[in-house]
Structure formats: C-alpha cells, structure tokens
Amino acid sequence: MPAVVPTTARRRRAARGLAVVFWWVLSLGCFAGLWEAAWALGLADPLLLPPPHIFLARFSDQAQAFSSSDVIGEVSSSGAYMALLTTIVASSLRVIAGLALGFVCSVSMGLLIRYFKPFGNLTLPTITLLAPISPIAWLPVAIFVFGIGNPPAIFMVFISLFFVMTLSTISQIDSVSRTYLNVGAIMGASRRQLFLHVIVPAILPSLFMTLRMNLFGAWMVVLVAEATGVGSGLGQIVMLARNTFNSSLSFFTMTLIGIVGFLFDVALRQVQNRVLFWVPPSAVGRL
C-alpha cells in the first residue's frame, strides 16, 4: 500500500505535465496556423509578414548574421550554430549579471531603509522620485558613465529592476504579519534575528514573483541597449534587421528571444523552488 501513493503522485504529475504540453502546443499551433492561413489567403505580404515556414526554413543563412563582433552587419565567419550560440550567450550573460546585481542590491537597500530609520528617511524620497523614470531614459547616462561595451547593458538591466524591487521590498516588509514578529520577540529574537529569520523568509516568495515579472522587462531593456551599438547581442541583430529591412531575420530573432526568455523563466522557477524550500511546491508553482 505505501508504494501506491508515490506511484499515484507520479502519475498525477505526469498527467499535469502532459496537459501543460498539450495546451502549449495547441496555443502555438493555433497562432502559427492563423499566420500561415493569412499568408495562404494572400492577406499577409510575405515580404513584410513572412509566415513561420519561410523565416524558419532559412536558418543557416540568417544565423550567419549572428556575428560575435561589435561591428553591426558583419557576417560571421564561424559556423551558423556557433554564431547563433555566441550571440545568445552574450545577451543572456548581460541579463543574468544585471538581474543578479539588481536583486541583491534592491533587497539589501529595502532592508537597510527599514532597518535604519535615518538612512531610510534620507534615501527613500530620492528612490521614490527616480522609480517612475523609464529605464530607456537611463541609456544616455549609461553610455556617458560606462562608455561602450558590456557595462552599459548590464547597468540598464540593473536599473530596470533596482527601483521597483526596492519599493517592493519595503512594501513586503511593511506587510509582514505582526503575529510572526510577536512570536519571534516572545522567543527572545533580537532585531537583527527578526530581520534575517522572520522578515526575509516571509518576503522572499513575493520578491521572487516581482523578479520573474521584471525578467521580461530586463530582456526588453538589454535589447534596446544592444541595438544602440552597446555591444554584440540579439538587440544588435534586431537593429540589423530593421536597417536592412529584412523581415525574415527580424521574425527569426524575435522567435529566438521568445524561446530564450521562456527558458530563463523556467530556470528562474527552478531556482525559486530550491531557494524557497520552506514553501509548499504547489504554492511555489503559482508564484
């Protein structure tokens, strides 16, 4: 009898996984099917809106545009797969670096603001004032301060996350249940212990949700930074496609960005599952 329970649980997980895959395939299939139907009926110009079977079929030719060089438009001398992989890795590393830096700094800043009241009184008004500014508006500042290369792109991802996450951290700290704090105080926890062992575990699930929501925004920002000549990457390919009016290359790159962004979200959820080990798996899955 005890062996039946794990087997039943595995079957349920497998069934849920198959259901998710089914709806994903159906959703993407309907989207691609409507696009292909519009092309077949002559409603979509293949020069402006080439259907998937056109821009995906020219993989080798289009992948040659994914050069690791900073020279916009230069054709890669390496293999198509290597050029593609190098470009994707370049953009991915910038996103990872910016997200990691932004997450650590914003959570630390939020804790400091609430932990040290004078520090909070000094910094919170400025952070609140800067938070509404679009990350794109920081691009000239990034170039002026860091020049050309990886640092401006990483800074853009950082700045797109920092202010939002800082304010979210403060909000989550303020919403921690007083019951948790009272129990910790009764058990003799110091203020520092309350922050580290009560408040931080209580706010991390919501902060991970905020981080996931800003992941896609981080990809938008890094693409804009790369498109302005900050460095090689997927954003540079988008700019190349626009300048050469190559719609096939544009949609091909957009497809890659969507796939890479989805894989980032899956990886972040796996990290979330391991970091939030005290949260039930079902609750983590809904975050």
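Just so it is clear, the structure is predicted and the values come from calculations on it, not from any experiment.

The rules behind the values
- Residues numbered from 1 in each chain as written.
- Predicted model: local features only at pLDDT ≥ 70, side-chain atom pairs only at ≥ 80, totals over all residues.
- Heavy atoms only, no water.
- Helix = DSSP H or I, 4+ residues; strand = E, 2+ residues; numbered from the N terminus.
- Buried < 20%, exposed > 50% of the residue type's maximum accessible area, 1.4 Å probe, protein only.
- Areas by Shrake-Rupley, 256 points an atom, 1.4 Å probe, with all protein chains shown as cover.
- Patch = residues over 30% accessible without salt bridge, like charges linked within 9 Å, V, L, I, M, F, W, Y side chains within 5 Å.
- Salt bridge = Lys/Arg side-chain N within 4 Å of Asp/Glu carboxyl O.
- Lys, Arg positive; Asp, Glu negative; His and termini not counted.
- Charge placed at Lys NZ, Arg CZ, Asp CG, Glu CD.
- Core = buried A, V, L, I, M, F, W, Y, C linked by side-chain atoms within 4.5 Å.
- Contact = heavy atoms within 4.5 Å.
- Axes fitted to C-alpha atoms, helices over the stretch in contact; angles between N-to-C directions.
- Parallel < 35°, antiparallel > 145°, perpendicular 65-115°, else oblique.
- Left-handed = near helix turned anticlockwise from the far one by under 90°.
- Nonpolar A, V, L, I, M, F, W, Y, C, P; charged D, E, K, R; others polar.
- Phe/Tyr/Trp six-rings, centres within 6.5 Å; stacked < 30°, edge-to-face > 60°.

1. Things to note about the overall build of the protein chain
Logical step 1: Within the protein chain, the secondary structure is distributed over twelve helices and zero strands.
Logical step 2: Element order for the protein chain, N to C, with α for helix and β for strand: α-α-α-α-α-α-α-α-α-α-α-α.
Logical step 3: Scored against the burial criterion, the 287 residues of the protein chain give a buried share of 39%.
Logical step 4: Accessible surface computed for the protein chain: about 16,200 Å², of which carbon and sulfur atoms make up 72%.

2. Remarks on a positive patch on the surface
Logical step 1: The grouping of Arg10, Arg11, Arg12, Arg13 and Arg16 at the surface amounts to a positive patch.
Logical step 2: Within the element layout of this structure, Arg13 appears in helix α1 (residues 4-40).

3. Some details on helix α10 (residues 234-243)
Logical step 1: Burial of α10 is extensive: seven of the ten residues sit out of reach of the surface.
Logical step 2: Those residues of α10 that sit buried are Leu234, Gly235, Gln236, Ile237, Met239, Leu240 and Ala241.
Logical step 3: The first or second residue beyond α10 is Phe245, which carries a positive phi of 55°.

4. A closer look at the nonpolar core
Logical step 1: One finds Phe66, Val95, Leu99, Phe103 and Trp219 to be the most contacted residues of the largest nonpolar core, which totals 62 residues.
Logical step 2: Elements with a minimum of two residues in this core: α4 (80-115), α6 (139-146), α7 (150-174), α9 (191-230), α10 and α11 (247-275).
Logical step 3: The element contributing the most residues to this core is α9, with 17 residues.
Logical step 4: Here Leu99 is in contact with Val157, Leu161, Leu211, Leu215 and Ala218, once residues within four sequence places are set aside.

5. Brief notes about the packing of helix α5 (residues 117-130) against α7
Logical step 1: Packing of α5 against α7 brings their axes to within 9 Å, and their N-to-C directions diverge by 130°. With respect to α7, the element α5 is oriented oblique. The two elements α5 and α7 meet at a crossing, and its hand is left-handed. Where α5 approaches α7, its residues Leu124, Ile127, Thr128 and Leu130 are matched on the opposing element by Phe163, Thr166, Leu167 and Ile170.
Logical step 2: A per-class count over the contact of α5 with α7 returns six nonpolar, two polar and no charged.

6. Brief notes about the environment of Ile96
Logical step 1: In this structure, Ile96 sits in helix α4.
Logical step 2: When the C-alpha atoms of Ile96 and Trp219 are compared, they prove to be 10.0 Å apart, with 123 residues separating the residues in sequence.

7. Points about the pattern of salt bridges
Logical step 1: What the rule picks out here adds up to four salt bridges.
Logical step 2: For Asp265, the salt bridge is made with Arg212, and the minimal N-O distance between the two is 3.1 Å. With Asp265 in helix α11 and Arg212 in helix α9, the pair connects residues that are 53 residues apart, well separated along the chain. Accessibility assignment for this pair places Asp265 and Arg212 in one class, buried.
Logical step 3: Taking the shortest distance from any N to any O, the salt bridge between Asp265 and Arg269 comes out at 3.3 Å. Taken as a pair, Asp265 and Arg269 lie in helix α11 at a separation of four residues, close to a single helical turn.
Logical step 4: You can call Asp265 buried: its relative accessible area is 7%.
Logical step 5: Via salt bridges that share partners, Arg212, Asp265 and Arg269 belong to a single interconnected network.

8. Some thoughts on the packing of aromatic side chains
Ring pairs (aromatic) are described by centroid distance and by the angle formed between their planes.
Logical step 1: Applying the stated criterion to the full structure yields 16 aromatic pairs.
Logical step 2: Residues Trp24 and Phe262 carry aromatic rings whose centres are separated by 4.7 Å and whose planes lie at 55° to one another, so their mutual orientation is tilted. Residue Trp24 is found in helix α1, and its partner Phe262 is found in helix α11; the two are separated by 238 residues along the sequence.
Logical step 3: Overall, Trp24 belongs to the partly exposed group, its relative accessible area being 43%.
Logical step 4: Take Phe262: its relative accessible area is 32%, and that puts it in the partly exposed class.
Logical step 5: A centroid spacing of 6.3 Å and a plane angle of 70° characterise the contact between Trp138 and Phe155, whose relative ring orientation is edge-to-face.

9. Quick word on the environment of Ser134
Logical step 1: Among the structural elements, Ser134 can be located in the loop between α5 and α6.
Logical step 2: For Ser134, a relative accessible area of 36% corresponds to the partly exposed category.
Logical step 3: For Ser134 and Ile159, which are 25 residues apart along the polypeptide, the C-alpha to C-alpha distance reads 9.3 Å.

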